[in-house]
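Descriptive analysis of the structure
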Amino acid sequence: MLLGGFDIVVIVLVIFVIMVLFAGIKTVPQGYRYTIERFGRYTRTLEPGLNLITPFIERVGARMNVMEQVLSVPTQEVITKDNASVSADAVSFYQVLNAAQAAYQVSNLENAILNLTMTNIRSVMGSMDLDELLSNRDAINDRLLRVVDEAVHPWGIKVTRVEIKDIQPPRDLVDAMARQMKAEREKRAQVLEAEGSRNAQILRAEGAKQSAILEAEGQREAAFRNAEARERLAEAEAKATRMVSEAIAVGDVQAINYFVAQKYTEALASIGQANNAKVVLMPMEASSILGSLAGIGSIAREVFGDSNNPPPPRPRPGPVRSTPPVAPPPPSPFNPSSER
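Worth saying up front: this structure is predicted, and the values here are computed from it rather than measured. (Residues numbered from 1 in each chain as written. Predicted model: local features only at pLDDT ≥ 70, side-chain atom pairs only at ≥ 80, totals over all residues. Heavy atoms only, no water.)

1. Quick look at the sheet that holds strand S7 (residues 85-96)
The test is simple: When DSSP finds at least two bridges between two strands, those strands are taken to pair. Comment: elements are numbered from the N terminus, with helices defined as DSSP H or I runs of at least four residues and strands as E runs of at least two. To get an axis, a line is fitted to the C-alpha atoms, and for a helix only the part in contact is used. The angle between two axes follows their N-to-C directions and goes from 0 to 180 degrees. Only heavy atoms enter the contact rule, under which two residues are in contact if any of them lie within 4.5 Å.
Pairing within the open sheet is antiparallel, and its 3 strands lie in the order S6-S7-S8. The sheet is open, and its two borders are formed by strand S6 (69-79) and strand S8 (157-168), each paired with just one other strand. On average, each strand axis in the sheet is tilted by 20° relative to the strand beside it, whichever way the strands run. In the packing of helix H3 (residues 109-126) onto the sheet, contacts are made with S6, S7 and S8, and the angle to S6 comes to roughly 40°.

In structure tokens:
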């Protein structure tokens, strides 16, 4: 079957219409924005969904991803404020808010954000000491986020987060920090041990104090009771003395003999109980005193009024031997004083 000229024209028109339709209908996926250029000039931004453009006059300029993206920052050397060299890497999260600015305000967007983040990492970390750098990561992240986000704002970019992944000091610094940490822990242990020893000494001192107080109170109570006992003993002695005095006043000679005999006997007992006494010399009158001890009991019963038991008969004192006088020796013929 041969096609005539009209059929060929119709076929060509149909193909042309299909091409025009494909060129004028644009489908934008979710999470993307397309910029439209008319003769090379930006006109508008296509939203996700089905969009129509003028074929052969307008075209899609840039296909921008507006989802949040992650950018890995490679490891770089940083010199801190106290001249310590450390290695640090980071990760950055950003999102395109304005597709036209991100497409036409900066060339190679990811490279620009990467270099900007690396530069600010060196600036922020270089203004801090090593100890501050290792202990204040949150402060570093906040400063980096604020600085980088402010710098990329004209590009239609929002930096949502900048995180320092790892900070690696040199090996010698790591060893020094390990020794410092060990010294700090030993210091804490010594401080705790000293505090424990001090508390133990305080408790022992408190215990000794309480013991001394209780001992002093016991001694005071004992002294009080001893004094009370001596007071009662003195009262008894005074009563006995008063009774003896009353007996003497009425003319009872036995009371005087009893009083003298008691004191004499106590003196002899103290002499006999001496530690350094090996030989005790007693006067001749002691025999008579010892012989009259039975009579002292009867005198006491008479003085204190013991009428129930009659006093035993007094023993008769034995004869007392007297030593004959010794004649003086005859004068010696060799003693010149005897001649005179």
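2. With respect to the confidence of the model for the chain
For clarity, the cut-off: Per residue, pLDDT captures the predictor's confidence, and it can take any value from 0 to 100.
Residue-level pLDDT values for the chain average 78, and 75% of them are 70 or greater. Ranking the elements of the chain by mean pLDDT puts helix H10 (residues 336-339) last with 39 and strand S2 (residues 32-38) first with 93. Taken as a whole, residues 306-340 scores under 50 in pLDDT and shows 16 contacts with residues more than four places along the chain or in a different chain.

3. Let's talk about the pairing of S6
Each regular strand carries side chains that alternate between the two faces of the sheet. The sheet contact formed by S6 and S7 spans 9 bridges and is antiparallel. Opposite Gln-76, over in S7, you have Ala-88 as the bridge partner. Hairpin connection of S6 to S7: 5 residues between the antiparallel strands, including Asn-83 at a positive phi of 65°.

4. Brief notes about a nonpolar patch on the surface
The cut-off we apply is this: To count toward a patch, a residue needs a relative accessible area above 30% and no salt bridge. Like charges then connect within 9 Å, nonpolar side chains (Val, Leu, Ile, Met, Phe, Trp, Tyr) within 5 Å. Each accessible area value is a Shrake-Rupley result obtained with a 1.4 Å probe; residue values ignore everything except the protein chains displayed when judging cover. Between Lys or Arg on one side and Asp or Glu on the other, a salt bridge is scored when a side-chain nitrogen of the former is within 4 Å of a carboxyl oxygen of the latter.
On the surface, Phe-16, Val-17, Leu-21, Ile-25, Phe-39, Leu-50, Leu-52, Phe-56 and Ile-57 cluster together into a nonpolar patch covering about 990 Å² of accessible area. Among the elements of the structure, helix H1 (5-24) and strand S4 (49-52) are those that each provide at least two residues to the nonpolar patch. Of all the elements, H1 adds the most residues to the nonpolar patch, at 3 residues. Its place among the elements puts Leu-50 in strand S4.

5. Let's talk about the nonpolar core
Worth spelling out the cut-off: The set of buried Ala, Val, Leu, Ile, Met, Phe, Trp, Tyr and Cys residues whose side-chain atoms join them within 4.5 Å is what this entry labels a nonpolar core. Buried, partly exposed and exposed residues are distinguished by accessible area as a fraction of the type maximum, computed with a 1.4 Å probe on protein chains only: under 20%, between the cut-offs, and over 50%, respectively.
The biggest cluster of nonpolar side chains holds 36 residues, and the ones touching the most others in it are Leu-109, Ile-113, Met-125, Ile-140, Trp-155, Ile-157 and Ile-164. Elements with a minimum of two residues in this core: strand S5 (58-65), S6, S7, helix H2 (99-104), H3, helix H4 (130-135), helix H5 (137-152) and S8. At 8 residues, H3 tops the list of elements feeding residues into this core. Excluding residues that lie within four positions of it along the chain, Leu-109 makes contacts with Met-64, Tyr-94, Val-96, Ala-102, Trp-155 and Ile-157.

6. Side note on the sheet that holds S5
Here 3 strands make up an open sheet; going across it, the order is S3-S2-S5 and the pairing antiparallel. This sheet does not close on itself; its edge strands, each paired only once, are strand S3 (41-46) and S5. Looking at each pair of strands side by side, their axes are set apart by 30° on average, direction ignored. Judged from the 5 bridges that link them, S2 and S3 form a sheet pairing that is antiparallel. Note that in S3 the partner of Arg-38 across the bridge is Arg-41.

7. Regarding the packing of H3 against H5
This is how the line gets drawn: Orientation labels follow simple angle bins: below 35 degrees gives roughly parallel, above 145 gives roughly antiparallel, 65 to 115 gives roughly perpendicular, and whatever is left gives oblique. Whether a crossing is left-handed or right-handed is set by the direction in which the near helix is turned from the far one by less than a right angle, anticlockwise for left-handed and clockwise for right-handed. Ten residue types, Ala, Val, Leu, Ile, Met, Phe, Trp, Tyr, Cys and Pro, are classed as nonpolar, four, Asp, Glu, Lys and Arg, as charged, and the remainder, Gly among them, as polar.
Packing of H3 against H5 brings their axes to within 10 Å, and their N-to-C directions diverge by 140°. Our classification of the angle between H3 and H5 gives oblique. As H3 runs across H5, the sense of the crossing is right-handed. Within the contact between the two elements, H3 uses Ile-113, Leu-116, Thr-117, Asn-120, Ile-121, Val-124 and Met-125 and H5 uses Ile-140, Arg-143, Leu-144, Val-147, Val-148, Ala-151 and Val-152. Its residues placed into classes, the contact of H3 with H5 shows 11 nonpolar, 2 polar and 1 charged.

8. Here's the deal with the side chain of Ser-87
Examined against the element boundaries, Ser-87 turns out to sit in strand S7. In this structure, Ser-87 is in contact with Thr-75, Gln-76, Glu-77, Asp-166, Ile-167 and Gln-168, ignoring residues within four places of it in sequence.

9. Topic: the pattern of salt bridges
What the rule picks out here adds up to 9 salt bridges. With its nearest N and O atoms 2.9 Å apart, the salt bridge here joins Glu-37 to Arg-59. Remark: Arg-59 occurs in strand S5 and Glu-37 occurs in strand S2; sequence separation between them is 22 residues. Given the relative accessible area of 8%, Glu-37 is considered buried. Among the ionic pairs, Arg-232 bridges to Glu-228, the shortest N-O distance being 2.9 Å. A residue pair is termed a helical-turn pair when its members lie 3 or 4 positions apart in one helix, as Arg-232 and Glu-228 do in helix H6 (residues 171-249) at 4 residues. Since its relative accessible area comes to 56%, Arg-232 is described here as exposed.

10. Thoughts on the environment of Ile-140
Within the secondary structure, Ile-140 is located in helix H5. Sequence separation of Ile-140 and Val-124 is 16 residues, and the distance between their C-alpha atoms is 6.9 Å. In this view, Ile-140 contacts Val-124, Met-125, Met-128, Leu-133 and Ile-164; residues no more than four positions away in its chain are not counted.

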